Each structure stands twice: as C-alpha cells, then as structure tokens.
Amino acid sequence: MSVPPAASGIAVAHFAARLSLEADVSDVHADQALIGTAFVLVDTRSSESWAQGRVPGAVHLPTRQIAARAADGTLADLVPSGTPVVTYCWGPGCNGATKAALAFAALGYPVKEMIGGFEYWVREGYTYDSAWGRRDPAADPLAAPVDDASCGC
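Engineer: Please explain helix α6 (residues 96–106) as it appears in this structure.
Structural biologist: The periodicity of an α-helix, 3.6 residues per turn, causes residues three or four positions apart to be oriented the same way. Taken residue by residue, α6 has Gly96, Ala97, Ala100, Ala101 and Phe104 as its buried positions. The buried residues of α6 occupy an angular sector of 135° when projected down its axis, which confines them to one face. What points out from α6, more than 90 degrees from its buried face, is the exposed set Leu102 and Ala106. Where α6 is buried, its residues contact β2 (40–43), α4 (66–71), α5 (75–78), β4 (85–88) and β5 (111–115). Once α6 finishes, Gly108 follows within two positions and takes phi at roughly 95°, a positive value.

Engineer: It is not clear to me how the pattern of salt bridges should be interpreted in this structure. Could you clarify?
Structural biologist: In a structure, side chains of opposite charge can pair up when their charged atoms sit close to one another. Following the criterion strictly, the structure yields five salt bridges and no others. A salt bridge links Glu22 to Arg18, with the shortest nitrogen-to-oxygen separation between them at 3.3 Å. Among the residues examined, Arg18 registers a relative accessible area of 39% and is labelled partly exposed. Here Asp43 and Arg45 are joined by a salt bridge, their closest N and O atoms 2.7 Å apart.

Engineer: What should I look at first to understand the side chain of Ser49 in this one?
Structural biologist: Here Ser49 is to be found in helix α3 (residues 47–52). Polar side-chain contacts of Ser49 include one of 3.2 Å to the side chain of Trp90.

Basis of the calculations
- Residues numbered from 1 in each chain as written.
- Predicted model: local features only at pLDDT ≥ 70, side-chain atom pairs only at ≥ 80, totals over all residues.
- Heavy atoms only, no water.
- Buried < 20%, exposed > 50% of the residue type's maximum accessible area, 1.4 Å probe, protein only.
- Helix = DSSP H or I, 4+ residues; strand = E, 2+ residues; numbered from the N terminus.
- Arc of directions from axis to C-beta.
- Contact = heavy atoms within 4.5 Å.
- Salt bridge = Lys/Arg side-chain N within 4 Å of Asp/Glu carboxyl O.
- Polar contact = N/O pair within 3.5 Å; in protein donor to acceptor, adjacent residues only side chain to side chain.

The structure is reproduced here in structure tokens:
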C-alpha cells in the first residue's frame with residue numbers, strides 16, 4: 001500500500017461518524033417497514049423529478065425551498081421540529097441531498113443522507129410512486145441481489 005491504513009481508533013471514529021450521517025437505501029427501506037414514521041424522508045429534487053418517481057412515504061421539499069420554508073414558518077408543517085430527517089436526491093452523482101442535509105442540520109434537525117439516492121432505490125428493485133402510478137422495478141443485478149432481499153452486509 002502506498003498509503004498505510006489509519007490506526008484503528010481513527011478508523012473507528014471515521015466509520016462511526018459516517019454511519020451516523022449516512023444510510024443506504026436498503027437501511028431506509030428496512031427502517032420504513034420497522035419504524036414507519038419515526039423519521040421524515042425528504043425528496044429534495046424538482047417537481048418534474050418528483051413526478052417521474054419518488055420513494056413511497058417521502059415528502060417533497062426541494063433543497064432550495066428549505067431555508068425559505070423555515071423563515072416563513074411552514075417547514076414544520078412538513079417536517080416537525082426535532083424530527084429526524086433523511087434526505088435524498090437523484091443518486092451518487094448529485095449532491096442535492098448533501099446540501100439539503102446541511103440545511104436541515106443548520107436548522108437543528110437530526111439528519112442523515114440516503115446514499116445512492118433515488119437511482120439506487122430503483123436499481124435495488126424497491127417499489128416507487130410516480131405521477132403515473134406505483135411501479136415495481138426489477139432489481140439490477142449490478143446493484144442488488146436479484147434472488148434475495150438483502151446483500152447480507
């Protein structure tokens with residue numbers, strides 16, 4: 001290795017911090033089934049993207065509207081103060097969910113980002129809603145096991 005790995009204490013702190021800030025789509029899907037509304041899942045994309053497809057149970061709040069909704073007092077209508085928030089955007093190539101998570105954190109919300117975004121939600125074969133109804137995509141074998149509900153990790 002050209003760069004040696006970090007000492008175990010540094011690695012523990014780093015990976016524990018990542019897990020406290022990020023959840024993958026499989027974890028979010030499982031948490032929705034287990035704990036339901038103990039958190040608010042926020043789709044941070046545009047109205048056109050929301051219509052194209054979204055995670056069932058998510059609320060629509062584009063990133064650029066978070067600060068304005070907080071300022072005018074209507075943010076709590078969608079996301080009650082103090083409620084844990086999980087943000088998502090299109091996918092790994094988009095940082096909209098990161099920007100939204102930062103905005104929620106700055107407002108005092110406990111927050112995580114759903115890594116993989118809507119792209120990996122669909123690629124893992126999870127049901128999604130759209131303006132044209134509910135969709136049940138097939139799992140992409142490059143992103144999820146096609147014969148099992150879990151990758152085992």
